[in-house]
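Chain and residue survey
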Amino acid sequence: MRNKRVVFLLALPLPDRSIMTLLDHLNPPQKLAAEHRDGPLLILAGAGSGKTRVITYRIAKLIMDYGVYPEQILALTFTNKAAGEMRERVDAILSENGRETDAAGVTIATFHSFCARLLRRNAELLGLTPSFTIYDSDDQLKLIKAVMEQVGMPKDNGEAKRLRGAIGQFKNQGWTPALAHENAFNSYDEEDATFYEAYQKALVQANCADFGDLILGVITIFRTHPRIADSYSRHWRYQMVDEFQDTNPAQYALLKFLTRTHDNLCVVGDDDQAIYRWRGATVANIMGFEEDFPDAKIIKLEQNYRSTEVILKAANDVIQHNPTRRDKTLWTAREGGDLVTCFTARDDREEASYVARQIHDLTRLGADWGDFAVFYRTNAQSRQIEEQLQNGGVPYQVIGGMSFYERSEIKDILGYLKVALNPDNPVDFLRIINTPSRGIGKVSLGKLERVAEIRGVGTFYRALRYAAGMLEAGALGDTPIVPEPFGPDDEEALEALQKLGGRSKKGMIDACEVVVALRDQIGADAADGNSLSQVANFLVERIHYMDYLDRDDPERAEDRRNNVVELLHALEEFEEDFDPDQLLNEDLPGQGEDDEAPDFDGESEPTVVSQILRAFLERSALVHATDGMEEGRTTTLMTVHGAKGLEFDTVFLVGMEDELFPSLRDMSDIEELHEERRLAYVAITRARHKLYITNAQSRRIYGQIRQTEPSRFLRDIDPERIEIDPKSTSQSIEYGHRASAPNRRRVRDRGYDEFQQASDANYFGDGVDQDLWEFDQSPPMIKGEVGRAVQQTLDAAPPEGDFDPSFSQLSPWEDDLSADWQQESDFAASGPSATDPEGLTGKTVSHSRFGIGKITGVSGDGPKAVLTINFPGHGARTIIRKFVKILG
Ligand SMILES: Nc1ncnc2c1ncn2[C@@H]1O[C@H](COP(=O)(O)OP(=O)(O)OP(=O)(O)O)[C@@H](O)[C@H]1O
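Nothing here was measured: the structure is a model prediction, and the numbers come from that model. (Residues numbered from 1 in each chain as written. Predicted model: local features only at pLDDT ≥ 70, side-chain atom pairs only at ≥ 80, totals over all residues. Heavy atoms only, no water.)

Section: the overall build of the protein chain
Helices and strands together make up the secondary structure of the protein chain, namely 38 helices and 23 strands. Within the span of the protein chain, comprising 888 residues, buried residues form 56% of the whole. The long-range share in the protein chain, meaning contacts at least 24 apart out of those at least 6 apart in sequence, stands at 77%. Split by element, the accessible area of the protein chain, about 36,400 Å² in all, is 49% carbon and sulfur. (Helix = DSSP H or I, 4+ residues; strand = E, 2+ residues; numbered from the N terminus. Buried < 20%, exposed > 50% of the residue type's maximum accessible area, 1.4 Å probe, protein only. Contact = heavy atoms within 4.5 Å. Areas by Shrake-Rupley, 256 points an atom, 1.4 Å probe, with all protein chains shown as cover.)

Spelled out as structure tokens, the structure:
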């Protein structure tokens, strides 16, 4: 291990001509930033101004010209894609300069993966083992429900989700349960903090951490063990953070700890692109950076290299309405450019059809499918677009939606592997114990729980081992695997178990054998010829998983079997590429210097297989929506949130309608409007050459057709930059671009009063439960899956220039509304009061967020009925029935 102090003192400048030449390719402010060596630096980088370029050149400069050791450099990002690109660019620059071996030493990671590694290194300090499981938000919800039951709360999905959100926000703030109590504002906060405490206890007992814990866990360790923070701080002498505007208070606290022994923190960000407030990010971090780092140097990158002048100015038109921004003036040398094309459709289907048609036509003129991206505000909008792209034979990939790792067959197999690594984890245990079915139903599980209680073993797995030992002994007449002597507790437990049916007994023995066998194999060393893919293959065969898929759902069996095969490949590939050093830098300080292995009941030593499994599970838990994105071959569909950091030749921004974009879920929150505007800015600035903006006059929302208004952001764009597509239903007025000057002024003069107007127009936005909108949480597809989807659409694509006639029938300018559509339209027009078959009007309801209210209108029936509810203190809200409890 190197002595870092000596390393630093010996760091001498080593001038190198080639890197100097490379820096000459940067513009003056970029160069200034890349040359910065010591002390805090804030790079205010406008959209498309080359911040990734600056960070990567600065890393190269530090290593090549300032003699900094690669191991002393840390670069943190928010997505694996950004981290991967940064790594590639650093590799390329260093290789070009004959320093290829240096690149691997630099730590480039996402906040979450970086913290996961530090947490494993110091897990014991939080009562965890290094094999702790990372729970995703679904797992988290299951544990929350279990805790709700434990503490005697009624089972309520809405409340469980609300609690998950509240706990997430506590963690984003960097609050432990104790701090949540301290910061409680009222009795509701107190109750949430109390629940948080119980949940956190359950997590630790299960040897698990959720996403929020990864950051919070590390800062908790740093708070309680400042010397550990100091040692990391000394280790990474040069730190860089990309997308700084999206850091939340916990992440900022982490950075403050990491710079305890120096102030070499370089942050790059753009306050105009801060779009993660709902995840706890605070733009205050970038607005007030100099307060925490008074010596900070500030460099602005204002030249945009991505977009044409027209696109950039349209983006500026929108963002300039936000009042508190850091002063910067973005410009581009790419003067002029195509006007922004606006298209108003009669409905969302026509809108989607227009997009497909444009893409098809432009590819006939020479564009590639991969030049296009379609951005929407909510995932739900993708269905129409997908349908029309399919009709038009446009190959596409959807980023977001259900992820590969969220599929039940994948969760099953990984569930077994997770239990093998961490058997105390109840969520995965309950998933696998009866999958495939072993006849272990609720009653049997209840008995198992009773055994756990009697024996005081705490977790299901330990109870299962005990129970299986007893049952096997009973069945075989053998010595039971139970503690000696066989006390009264054991008798009671045995009595409970003996009451189980024969199938349950056998099932328990079988489940236990599978988990024990997996643990044995994972605990066996690679030197014995053992490998992770062998373990996984063994598992699939041992539980006859493929047969189970055939039985479970014959129609989908083939697809699901293919997914399992894909997973087995992914494990194999991961194992082949695995580099033990990638887990942690060799000389990284930490609590457990001997990097403890999974605790196999205290019997085993760490094995390579267990380490690979741990790394694989970590990667799959921290996978991000854009990870599986394929570039170049297909049109990309994604939410605006997902589009952050990307660029495309032609962008379609669809659904530009008030209350969809901006969505304004909480009308009382002006900050939300500002954030929506930043989101629009991000969307517009992704386009290199051409931007289309579309809206629909009516849109189907959860089975109902609603009339819409064009987005206020559209009206912000100077008419000079807009052309209206002649096929458009609306020829001008709704964009305001042909409005007379006084009218136009009136629109502008509304200024922030527009916010108030928005509050009055509430047709579906606010009050609709957030879950319905599925705001981008961006789960990914893995490569193979994207590849398959791409192939399918490519296969389905007609030969070039051969437009599918069925598609052209649907094209908006030729097509009449179909009969069924018309019917629904009539239905909607009949109004809510006409449809209340269940007689719900007047009933009292409770809602997790708005409390008790009275139903004043109903539309539709069943769980998807749309209710208008008057909540005292909140006014009328529109909520889907399944999200409220009818009290009577
Ligand atoms: N000095 C330069 N000369 C030429 N092209 C440049 C220069 N700097 C950046 N670019 C190009 O500009 C584009 C945007 O750069 P980059 O992706 O680094 O921007 P960014 O600041 O990260 O953008 P955003 O914040 O909008 O995601 C890239 O295509 C990049 O190659």
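Remarks on helix α7 (residues 111-121)
For α7, a buried count of 9 out of 11 residues is recorded, marking the element as mostly surrounded by other parts of the structure. Along α7, the positions that sit buried rather than exposed are F111, S113, F114, C115, A116, L118, L119, R120 and R121.

Considerations on the pairing of strand β15 (residues 648-653)
Across the 6 residues of β15, 6 count as buried, placing the element largely inside the fold. Looking at chain direction, strand β12 (residues 372-376) and β15 are connected through 4 bridges and run parallel. Residue pairing across strands places F372 opposite T650, the latter belonging to β15. Bridge count between β15 and strand β16 (residues 687-701): 5 bridges; the pairing is parallel. Residue pairing across strands places F648 opposite A687, the latter belonging to β16. (Pairing = 2+ DSSP bridges.)

As for the side chain of R678
Within the secondary structure layout, R678 lies in helix α31 (residues 670-684). Ignoring sequence-local partners within four residues, the contact set of R678 consists of D271, D272, Q273, A274, I275, I319 and N322.

Overview of the domain arrangement of the protein chain
Per the domain assignment, the segments making up the protein chain are domain 1 (28-123 + 233-301), domain 2 (133-206), domain 3 (331-403 + 633-724), domain 4 (406-577) and domain 5 (843-886). The distance between the C-alpha centroids of domain 1 and domain 4 comes to 44 Å. (Domains from an automatic or database assignment.)

Quick notes on the packing of aromatic side chains
As enumerated under the stated definition, the model contains 21 aromatic pairs in all. Judged by centre distance (5.1 Å) and plane angle (45 degrees), the ring pair of F78 and F111 falls under tilted. With a gap of 33 residues between them, F78 in the loop between β2 (73-77) and α5 (80-96) and F111 in helix α7 connect regions that are remote in the sequence. Measuring from centroid to centroid gives 3.7 Å for F343 and Y354, while their planes differ by 0 degrees, and the two rings are stacked. (Phe/Tyr/Trp six-rings, centres within 6.5 Å; stacked < 30°, edge-to-face > 60°.)

Considerations on the sheet that holds strand β3 (residues 107-110)
The strand order across the open sheet built from 6 strands is β3-β2-β6-β7-β1-β8, with neighbouring strands paired in parallel fashion. Unpaired on one side and paired on the other, β3 and β8 (297-301) mark the two borders of the sheet. Within the sheet, the average angular offset between the axes of one strand and its neighbour, ignoring direction, is 15 degrees. Relative to strand β7 (residues 265-269), strand β6 (residues 238-241) runs parallel, the two being bridged by 3 bridges. Bridged to M240 within β7 is C266. Packed on one face of the sheet, helix α3 (residues 28-35) meets β1 (41-45) and β8 and runs near 145 degrees to β8. Packed onto the sheet, helix α14 (residues 249-258) meets β2, β6 and β7 and runs at close to 165 degrees relative to β6. (Axes fitted to C-alpha atoms, helices over the stretch in contact; angles between N-to-C directions.)

Considering the UniProt feature "binding site: ATP" (unreviewed entry) in the protein chain
The UniProt record marks A45, G46, A47, G48, S49, G50, K51 and T52 with the feature "binding site: ATP" (unreviewed entry), using the residue numbering of this structure. Among the secondary structure elements, A45 is positioned in strand β1. Each residue touching A45, except ones within four places of it in the same chain, is listed here: K51, V268, G269, D270 and L301. Note that S49 resides in the loop between β1 and α4 (51-64). When near neighbours in sequence (up to four residues on either side) are disregarded, S49 contacts Q30, L301, Q303, N304 and Y305. (UniProt positions renumbered as here; feature names shortened; annotations may be inferred.)

A few points about the pattern of salt bridges
For the coordinates displayed, the defined rule picks out 47 salt bridges. When the shortest N-O distance is used, the salt bridge between D271 and K328 registers 3.1 Å. Here K328 lies in the loop between α17 (309-319) and β10 (331-332) and D271 lies in the loop between β7 and α15 (284-287), a separation of 57 residues in the sequence. Of the residues examined, D271 reaches a relative accessible area of 2% and is grouped as buried. Here E513 makes a salt bridge to R542, at a shortest N to O gap of 3.4 Å. Of this pair, E513 sits in helix α25 (residues 502-523) while R542 sits in helix α26 (residues 532-542); the two residues are 29 residues apart in sequence, bridging distant segments of the chain. For E513, a relative accessible area of 37% puts it in the partly exposed group. (Salt bridge = Lys/Arg side-chain N within 4 Å of Asp/Glu carboxyl O.)

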